[in-house]
Amino acid sequence: MLISNKKHEYTMPGNNPSLTIRSSSDFPAFHFLLSAAVMALITLFAYADTFNVPFIYDDVNNITLNRHIRMTAVTFDSIAAVSESPSPRPFANLTLALNYYFGRYDVRGYHAVNLTIHILTGLLLFLVARSTLRLCGTEDVIAPLLAAALWLVNPVHTQSVTYTVQRMSSLATLFYLLALSCYIRARITALSGQGRIPQVLLYALCLASGILGLLSKQTTATLPVMLFLYEWYFFQDRNPGWLKKQVPWIGLTALLVLVVAAPYLGTSPLDKMLTIYEKQPFTPAQRLLTEPAVVIYYISLLLFPHPDRLTLLYDFPIFSSMTTPMTALAGIMGVSVLVLAGLMLSGKHRLLSFAVFWFLGNLVIESSVLGLAIVFEHRTYLPSVFPLIALTALGVSAFRKRWPAVVIAGFLILICGFWTHQRNTVWNDTVGFWQDNVAKAPDMPEVNNNLGQALLKKGETEQAADYFKIAMKKDPDLESARVNLGVTLQRMGQSELAASLYRTILTTNPANTKARFNLAMLFKEGGHTEAAVRQLKKIIAVDPHDTSTMLNLGTILLEQQHNAQALMWFRKALTLDADDPKLLNNLGVVLHRLDRTEEAISVLRQGLTLAPHNPMLHNSLGLALLDCGRYEKAMEHFQLALAADPEMADAVNNLGLAAEKQGKTDQAIDYYRQAMGLSPAYDLARYNLANLLLKTGQPDSAISLLNDITTVSPEHQPALHRLIVALVDARAIGPATRLAEKTAAALPEEAVAHYNLACLYARQNDTDKAVNALRTAIDRGYDRWDYLCDDKDLENIHYTEYYKLLTRQCDQ
């Protein structure tokens with residue numbers, strides 16, 4: 001090995017003596033930073049409109065519904081909890097959990113991280129390209145820079161960057177290229193004799209990066225193979241003798257790959273693979289026949305990535321034989337030609353040759369026998385790296401002067417940047433996104449169903465129903481479309497049709513928890529709470545970890561005053577998801593009802609640490625504090641609830657309660673009226689206002705308000721009783737008596753109704769009726785003996801034997 005201390009040059013040992021390479025120190029840091037800034041600005045332009053892109057498709061299950069990533073504290077336990085996520089990609093999930101920790105479900109944070117990963121990956125591509133071209137004997141910096149810029153703005157990669165969950169692909173690629181870059185630097189360090197310690201550190205970083213890549217996405221398993229291939233191509237100059245000596249190491253590497261893959265494949269890899277196919281509309285043989293054509297299609301997308309050609313879900317034809325259609329044979333022939341070209345080019349154009357095998361090798365996991373979806377654009381993210389480096393280098397070298405290549409590449413960068421920006425605008429609106437997908441794959445049931453869901457969320461129920469019906473027509477077995485149609489029918493007021501649809505689904509598939517849950521909610525809306533509770537318990541029997549169902553079950557029981565049972569379900573749900581603000585709110589409410597107020601306050605404050613601007617939690621905490629006499633603190637939380645939700649009539653009503661308890665009558669009246677203004681149908685505020693007006697000697701105004709309540713809700717017992725009292729206070733004894741008679745007839749089991757009637761009869765000296773009504777009240781369970789014995793309204797029947805008997809019981 002010849003080394004020049006003056007120029008930091010060295011020659012490749014034995015393999016290619018004519019190849020001379022300079023060390024990376026010849027590339028000034030300023031130039032690298034300038035290059036990085038240029039690439040970052042280009043990328044930011046192309047992705048400027050992506051920061052508000054909503055969660056779409058797989059984002060829902062992997063992020064918004066994934067309780068395992070709801071990290072509220074950075075501890076060993078919380079990090080371990082992330083690893084329990086259904087997706088076996090723990091490091092990628094950890095980054096999502098950290099996003100949740102810092103910003104909950106604010107999509108801007110997730111997209112900022114995705115874009116940062118993309119830019120860093122582009123910088124690593126630049127470094128890898130720079131090092132590789134130097135190993136190939138060229139010192140040109142322009143080609144690596146142009147390759148990185150073209151890769152960063154290629155519209156095909158929008159799916160890997162803008163689609164939040166595909167951080168798994170982009171993060172794996174980042175670590176993949178970091179590992180490769182470290183390996184290259186370690187090998188160059190070894191050849192230049194710059195010391196052993198840097199080599200060890202670089203190899204250690206290479207290994208760590210590979211592991212992190214594997215923990216981000218399993219496709220990183222190809223890294224050892226690619227490192228070996230890179231070594232053979234660029235450091236060993238494809239020396240057959242060296243290759244023969246590496247047979248033991250090849251075996252060891254293969255064994256290592258199998259060991260790493262074992263946790264994912266299990267003890268029966270074939271059975272696991274075939275199980276995946278049970279959910280797919282194709283067989284292993286059909287997938288193997290189809291994927292070569294997909295690979296050729298990927299190449300066409302990378303070369304001509306116009307936004308009109310890009311979509312999330314592709315309706316790609318499934319091939320059953322090599323000749324039907326002929327595209328299957330064409331795809332197989334195309335891939336064969338690629339392999340043959342890679343072999344033939346290895347002599348004079350080893351970078352192109354390596355690029356071919358890099359591309360095919362990094363597609364082999366997702367584009368071969370595994371039972372995955374047929375085609376996804378994000379699968380090209382890593383495979384496209386070296387083909388783009390090779391083609392850019394070839395293009396630049398085709399010109400004797402640099403400026404024509406720079407102009408052409410600059411034009412391509414601008415075009416691709418504009419197309420990427422254009423494609424990203426589609427991602428910004430969920431309805432528009434799925435409309436675009438339906439336009440490109442109109443016969444695909446799933447995309448029609450997804451468009452229906454997006455329209456349903458937007459409130460376009462009739463259009464949504466149309467798309468669900470299209471999806472069902474194209475695939476009668478697509479249960480999700482049938483469930484969604486049921487939801488749409490519910491919202492359109494066609495509850496019976498919806499219930500019938502859910503029952504039909506459950507007849508063929510009793511394990512469909514979504515249909516059962518919706519049926520339970522229909523029962524609840526119809527007042528059949530026992531039936532709703534039974535359905536929800538059946539869901540939990542199928543899925544004991546369904547915290548959403550537990551929350552709803554507990555809420556129904558809470559509404560039915562079954563507080564102890566509600567408490568049990570809320571606590572059970574919290575053992576599975578301790579960071580759900582809704583669960584913590586409901587737990588606080590039920591504890592408050594059970595007079596465990598201090599415990600309720602503690603739970604509600606815990607909820608506010610997770611969701612500091614949650615109006616529901618502030619309102620519930622305010623009520624608990626109100627009961628403890630902490631009026632100022634209570635009002636503070638009611639005000640915070642209103643700051644988070646200015647339309648929250650309940651919080652305004654509770655401000656009225658707090659003011660009333662402090663004797664601030666005028667202020668309380670104003671608050672109750674404000675609450676009624678926010679929600680004209682809000683009877684609680686109307687009742688509270690009427691009650692306060694009665695206390696302040698304004699029965700006529702109270703009567704008007706109470707009449708409004710009882711007209712709309714004839715069985716509103718508190719309002720009926722207060723209206724009778726108001727009529728009495730207004731000296732309208734006759735109307736009060738008639739209302740009391742009507743109330744007692746409508747509510748024959750209501751003890752208070754009969755007691756009020758007894759008082760009115762007694763005031764009018766109708767002794768027999770008064771005694772009979774009082775006897776009925778006692779029989780129905782009236783037990784307020786303190787009222788009964790001292791009630792002046794009953795003075796006219798004090799002499800009766802029945803009343804004397806009751807007063808003796810009072811004395812006892």
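Here is what the cut-offs are and how they apply
Residues numbered from 1 in each chain as written. Predicted model: local features only at pLDDT ≥ 70, side-chain atom pairs only at ≥ 80, totals over all residues. Heavy atoms only, no water. Helix = DSSP H or I, 4+ residues; strand = E, 2+ residues; numbered from the N terminus. Rg over C-alpha atoms; globule rule 2.2 N^0.38 Å. Contact = heavy atoms within 4.5 Å. Areas by Shrake-Rupley, 256 points an atom, 1.4 Å probe, with all protein chains shown as cover. Phe/Tyr/Trp six-rings, centres within 6.5 Å; stacked < 30°, edge-to-face > 60°. Buried < 20%, exposed > 50% of the residue type's maximum accessible area, 1.4 Å probe, protein only. Salt bridge = Lys/Arg side-chain N within 4 Å of Asp/Glu carboxyl O. Core = buried A, V, L, I, M, F, W, Y, C linked by side-chain atoms within 4.5 Å. Patch = residues over 30% accessible without salt bridge, like charges linked within 9 Å, V, L, I, M, F, W, Y side chains within 5 Å. Expected span 1.5 Å × (residues − 1). Arc of directions from axis to C-beta. Polar contact = N/O pair within 3.5 Å; in protein donor to acceptor, adjacent residues only side chain to side chain.

Student: How should I be thinking about the overall build of the chain in this particular structure?
Tutor: Tallying secondary structure elements over the chain gives 41 helices and 3 strands in all. Against the 2.2 N^0.38 benchmark of 28 Å for 812 residues, the chain shows a C-alpha radius of gyration of 37 Å, more extended than a compact globule. Look at the contacts in the chain between residues 6 or more apart in sequence, and 62% of them connect residues 24 or more apart. As presented, the chain carries roughly 37900 Å² of accessible surface, and 60% of it is formed by carbon and sulfur atoms.

Student: Teacher, can you tell me more about the packing of aromatic side chains here?
Tutor: Geometrically, a pair of aromatic rings is defined through the distance of the ring centres and the angle of the planes. Applying the stated criterion to the full structure yields 30 aromatic pairs. Centroid distance Trp151 to Tyr381: 4.7 Å. Interplanar angle 50°. Geometry classified as tilted. With Trp151 in helix α6 (residues 142-152) and Tyr381 in the loop between α16 (350-361) and α17 (385-397), this residue pair connects regions lying 230 residues apart in the sequence. Their ring planes at 85° and their centres at 5.5 Å tell us that Tyr176 and Trp358 sit as a pair that is edge-to-face. Linking Tyr176 in helix α8 (residues 167-192) with Trp358 in helix α16, this pair joins segments that are 182 residues apart in sequence. Of the two residues examined, Tyr176 and Trp358, each falls in the buried class. Through a chain of ring-to-ring contacts, three or more aromatic side chains come together here, namely Tyr176, Tyr230, Trp232, Tyr233, Phe234, Phe235, Phe354, Trp358 and Phe386.

Student: Just checking my understanding: could you explain the pattern of salt bridges for this structure?
Tutor: Where side chains of opposite charge bring their charged atoms close, a pairing between them can arise. Counted under the stated rule, the structure contains 22 salt bridges. Where Asp683 meets Arg686, a salt bridge forms, and the shortest distance between an N and an O atom there is 3.2 Å. Taken together, the residues Asp683 and Arg686, both in helix α34 (residues 683-695) and 3 residues apart, mark about one turn of the helix. Per residue, the accessibility class of Asp683 equals that of Arg686, and both read buried. Among the ionic pairs, Arg763 bridges to Asp793, the shortest N-O distance being 3.3 Å. Taken together, the residues Arg763 in helix α38 (residues 751-763) and Asp793 in the loop between α40 (785-790) and α41 (801-811) connect sequence positions 30 residues apart. The structure contains a network of salt bridges with shared partners spanning Lys217, Glu366 and Arg379.

Student: Where do I start with the nonpolar core in this structure?
Tutor: Soluble globular proteins tend to bury their nonpolar side chains together. If you look at the biggest cluster of nonpolar residues, it comprises 135 residues, and the most contacted ones within it are Tyr230, Trp358, Phe386 and Trp434. Looking at this core, the element that brings in the most residues is α8, giving 13 residues. One finds Ile724, Val728, Leu774 and Ile778 within the second-largest nonpolar core, a separate group that totals 75 residues.

Student: Can you help me understand a nonpolar patch on the surface in this one?
Tutor: Together, Val74, Ile79, Leu98 and Phe102 make up an exposed nonpolar region whose accessible area comes to about 380 Å². On the basis of relative accessibility, which here comes to 30%, the residue Leu98 falls in the partly exposed class.

Student: How should helix α22 (residues 479-491) be read in this particular structure?
Tutor: An α-helix turns once every 3.6 residues. As a result, residues three or four positions apart point the same way. Taking 1.5 Å per residue, 13 residues should reach 18 Å; α22 reaches 19 Å between its end C-alpha atoms and fits that length. In terms of residue burial, α22 counts as a mostly covered element, since 11 of its 13 residues are buried. Among all positions in α22, only Glu479, Ala481, Arg482, Val483, Asn484, Leu485, Gly486, Val487, Thr488, Leu489 and Gln490 are buried. Lining the buried residues of α22 we find α20 (445-457), α21 (461-474), α23 (495-508) and α24 (513-525). Directly beyond the C-terminal end of α22, a positive phi value near 85° is found at Gly493.

Student: So what exactly am I meant to see when it comes to the environment of Thr164 here?
Tutor: Position of Thr164 relative to the elements: it lies in the loop between α7 (158-161) and α8. Among all residues touching Thr164, those that are not within four sequence positions of it are Phe55, Asp59, Ile63, Tyr110, His111 and Asn114.

Student: Where do I start with helix α33 (residues 665-678) in this structure?
Tutor: With 14 residues, α33 ought to run about 20 Å at 1.5 Å a step, and its terminal C-alpha atoms sit 20 Å apart, in line with that. Ala668, Ile669, Tyr671, Tyr672, Ala675 and Met676 are the residues of α33 that are buried. On an axial view of α33, the arc spanned by its buried residues comes to 160°, and they lie on one face. Counted as exposed and oriented over 90 degrees from the buried face of α33: Asp666 and Gly677. In this structure, the buried residues of α33 make contact with α31 (631-644), α32 (649-661), α34 and α35 (699-712).

Student: Is there a simple way to explain the side chain of Thr800 in this structure?
Tutor: Checked against the element boundaries, Thr800 lands in the loop between α40 and α41. Thr800 sits in the buried class, given a relative accessible area of 10%. Looking at Thr800, its side chain comes within polar contact range of the main-chain oxygen of Ile797, at 2.7 Å.

Bear in mind that shape data such as this cannot, by itself, settle questions of function.
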